[in-house]
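Here is how the chains run, residue by residue.
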Amino acid sequence: MSFGLPAGELSKSDNIHSWWDADKLAEIESFKHQCNDLNLKIMSCFAVNMGLPGDFFSASHKQELPGNTFKIIKYPKMDKQPEGFIPRLSEHTDWGSVTLLFTESPGLEIRDPNNQWHEVPVIPGAITINIGDALSLWTGKMLKSTMHRISWDKVPRSQDRYSMPYFVHPNFDTNLRLNARSGEADDQELTYSDYYKVRLRLTWGSLEQKDGTKKFGDGDNKTLEYLKMLGVANAGTLESHSVTA
């Protein structure tokens with residue numbers, strides 16, 4: 001189950017099952033609010049430690065589109081494990097600034113710069129925080145997005161696995177230019193909206209709607225070439241598919 005949209009707008013969505021009544025949606029909104037408060041503190045800490053004004057990142061995390069997304073995820077048990085080396089969730093990086101992960105289930109692994117995988121320990125009451133692509137680009141890769149996956153090793157295929165990630169996104173108009181830390185101008189502006197659209201197309205491909213229009217619009221080759229120049233993972237071709245973040 002996915003709860004996106006800016007704060008306070010869940011009740012306006014026509015894409016949520018009626019089981020989620022006003023009281024339940026209010027509880028979700030309250031939890032999202034607490035997560036966002038934590039995120040703003042994290043953003044401030046990053047900024048201060050990088051010698052930037054305390055609100056450098058948080059100022060672009062207002063409750064505007066695309067909003068932050070809270071998901072309740074169930075990895076269902078399976079009668080048979082897929083053949084070959086196929087993780088329970090394939091390796092990927094998240095799209096946004098950071099991800100706050102709430103889970104009591106093991107299985108999460110992260111990859112280090114030497115391409116070695118390491119299990120992330122489950123600490124009761126703790127929150128796992130992954131850095132996403134947007135913050136990595138924004139800081140000139142001083143902060144690196146976390147490549148991660150879910151393995152089969154710690155949770156048997158005969159058991160369900162549950163997790164609750166809170167995906168933080170900067171506002172669509174945020175400029176993720178490489179030299180944002182120095183405040184200098186950049187020849188190529190890269191907004192989060194630009195990056196978000198490219199990732200949608202890399203993930204889902206060129207999907208056409210019933211009227212023949214492309215669901216995610218035409219490919220922005222200028223943005224794609226800029227991302228390839230920056231060495232962004234998965235920036236192959238606009239018609240290719242990558243792993244869902």
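An unreviewed UniProt entry lists the protein chain under the name Fe2OG dioxygenase domain-containing protein, with Aspergillus wentii DTO 134E9 given as the organism. Looking at the protein chain in UniProt, the text filed under Sequence similarities (unreviewed entry) is "Belongs to the iron/ascorbate-dependent oxidoreductase family."

A. How the structure looks around the overall build of the protein chain. Looking only at helices and strands, the protein chain features 4 helices and 10 strands. Listing each helix as α and each strand as β along the protein chain from the N terminus yields β-α-β-β-β-β-β-β-β-α-β-β-α-α. Each of the 245 residues in the protein chain was classed as buried or not, and the buried ones make up 42%. Once local pairs closer than 6 in sequence are excluded, the contacts in the protein chain between residues at least 24 apart make up 73%.

B. Fine view of unusual backbone geometry. In this structure, P66 follows L65 across a cis peptide bond, with omega equal to 10 degrees. Within the secondary structure, P66 is located in the loop between helix 1 (22-49) and strand 2 (69-71). Non-glycine residue L5 carries a positive phi angle of around 70 degrees. Locating L5 in the fold gives a position in the loop between strand 1 (2-3) and helix 1. Residue L5 is classed as partly exposed on the basis of its relative accessible area, which comes to 32%. The phi dihedral of N115 is positive, around 65 degrees, even though this residue is not glycine. Tracing the sequence through the fold places N115 in the loop between strand 6 (108-111) and strand 7 (117-119).

C. Up close: helix 1. Compared with an ideal rise of 1.5 Å per residue, which puts 28 residues at 40 Å, helix 1 spans 41 Å between its outermost C-alpha atoms and is within 8% of the ideal. Those residues of helix 1 not exposed but buried are L25, I28, E29, K32, C35, N36, N39, I42, M43 and A47. On its buried face, helix 1 sits against strand 1, strand 2, strand 5 (98-102), strand 8 (128-131), helix 2 (133-138) and strand 10 (161-167). Where helix 1 begins, the side chain of D21 points an oxygen toward the backbone nitrogen of D23, at a separation of 3.2 Å.

D. Spatial organisation of the sheet that holds strand 4 (residues 89-92). Here we have 4 strands laid out as an open sheet, ordered 4-9-6-7, and antiparallel in their pairing. Here the strands that pair on one side only, and so sit at the sheet edges, are strand 4 and strand 7. Between one strand axis and the next, the sheet turns by 20 degrees as a mean value, whatever way the strands run.

E. How the structure looks around the environment of G140. Within the secondary structure layout, G140 lies in the loop between helix 2 and strand 9 (148-150). Spatially, the C-alpha atom of G140 lies 8.8 Å from that of L176, the residues being 36 residues apart in sequence.

F. Fine view of the nonpolar core. Judged by nonpolar contacts, the single largest core of 31 residues is most densely connected at F3, F57, L100, L135 and L176. Contributing elements (two or more residues each) for this core: helix 1, strand 5, helix 2 and helix 3 (192-204). At 6 residues, the largest contribution of residues to this core is made by helix 1. In terms of nonpolar packing, the next biggest core, distinct from the first, is built from 5 residues, Y75, L101, V120 and I150 among them.

About the thresholds
- Residues numbered from 1 in each chain as written.
- Predicted model: local features only at pLDDT ≥ 70, side-chain atom pairs only at ≥ 80, totals over all residues.
- Heavy atoms only, no water.
- UniProt positions renumbered as here; feature names shortened; annotations may be inferred.
- Helix = DSSP H or I, 4+ residues; strand = E, 2+ residues; numbered from the N terminus.
- Buried < 20%, exposed > 50% of the residue type's maximum accessible area, 1.4 Å probe, protein only.
- Contact = heavy atoms within 4.5 Å.
- Expected span 1.5 Å × (residues − 1).
- Polar contact = N/O pair within 3.5 Å; in protein donor to acceptor, adjacent residues only side chain to side chain.
- Pairing = 2+ DSSP bridges.
- Axes fitted to C-alpha atoms, helices over the stretch in contact; angles between N-to-C directions.
- Core = buried A, V, L, I, M, F, W, Y, C linked by side-chain atoms within 4.5 Å.

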